[in-house]
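Spelled out, the chains give:
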Amino acid sequence: MRKLLLLSLVLASPLTFAATECTTVDKAQWQDQDKFQADLKAQGYEIKKFKVTGGNCYEIYGHDKDGKKVEIYFDPVSGKPVKSNVEG
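Residues numbered from 1 in each chain as written. Predicted model: local features only at pLDDT ≥ 70, side-chain atom pairs only at ≥ 80, totals over all residues. Heavy atoms only, no water.

Looking at the packing of aromatic side chains
A complete count under the given rule lists four aromatic pairs for this structure. Plain terms: the ring middles of Phe 36 and Tyr 58 are 5.1 Å apart, the flat faces sit at 55° to each other, and that makes the pair tilted. Highlighted residues: Phe 36 in helix H2 (residues 33–42) and Tyr 58 in strand E2 (residues 58–63), separated in sequence by 22 residues. Of the two residues, Phe 36 and Tyr 58, both sit in the buried class. Ring geometry for Phe 36 and Phe 74: centres 5.2 Å apart, planes at 75°, overall edge-to-face. Placement of the pair is Phe 36 in helix H2 and Phe 74 in strand E3 (residues 69–74), with a sequence separation of 38 residues. (Phe/Tyr/Trp six-rings, centres within 6.5 Å; stacked < 30°, edge-to-face > 60°. Helix = DSSP H or I, 4+ residues; strand = E, 2+ residues; numbered from the N terminus. Buried < 20%, exposed > 50% of the residue type's maximum accessible area, 1.4 Å probe, protein only.)

Here we look at the sheet that holds strand E1 (residues 46–52)
Across the sheet, which stays open at both edges, the four strands sit in the order E1-E2-E3-E4 with antiparallel pairing between neighbours. Every other strand in the sheet has two partners, leaving E1 and strand E4 (81–87) as the edge strands with one partner each. When strand polarity is set aside, the average angle formed by the axes of neighbouring strands in this sheet is 15°. Here E2 pairs with E3 via six bridges, running antiparallel. Within E3, the position partnered with Gly 62 by the bridge is Val 70. Its contacts with the sheet place H2 against E1, E2 and E3, and it is angled at close to 150° to E1. (Pairing = 2+ DSSP bridges. Axes fitted to C-alpha atoms, helices over the stretch in contact; angles between N-to-C directions. Contact = heavy atoms within 4.5 Å.)

Structure representation (structure tokens):
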């Protein structure tokens with residue numbers, strides 16, 4: 001019974017924790033990472049961490065212009081936010 005429960009949890013995990021998908025476009029068409037970050041900083045964002053996710057998103061952790069803590073996924077082609085979490 002334990003093995004069955006463990007197996008069901010393992011199989012359900014990818015569905016439960018599905019990654020945010022931003023694009024399937026070739027990376028050659030993505031915005032330059034450094035320029036993208038510079039543009040966000042010019043808008044008032046303070047970037048603590050920047051990464052490219054497994055779902056082909058640019059993801060930032062930091063603060064917005066109002067000092068609120070943010071986690072935002074961006075489409076690297078359009079630069080538009082796809083998903084965000086703002087605290088405080």
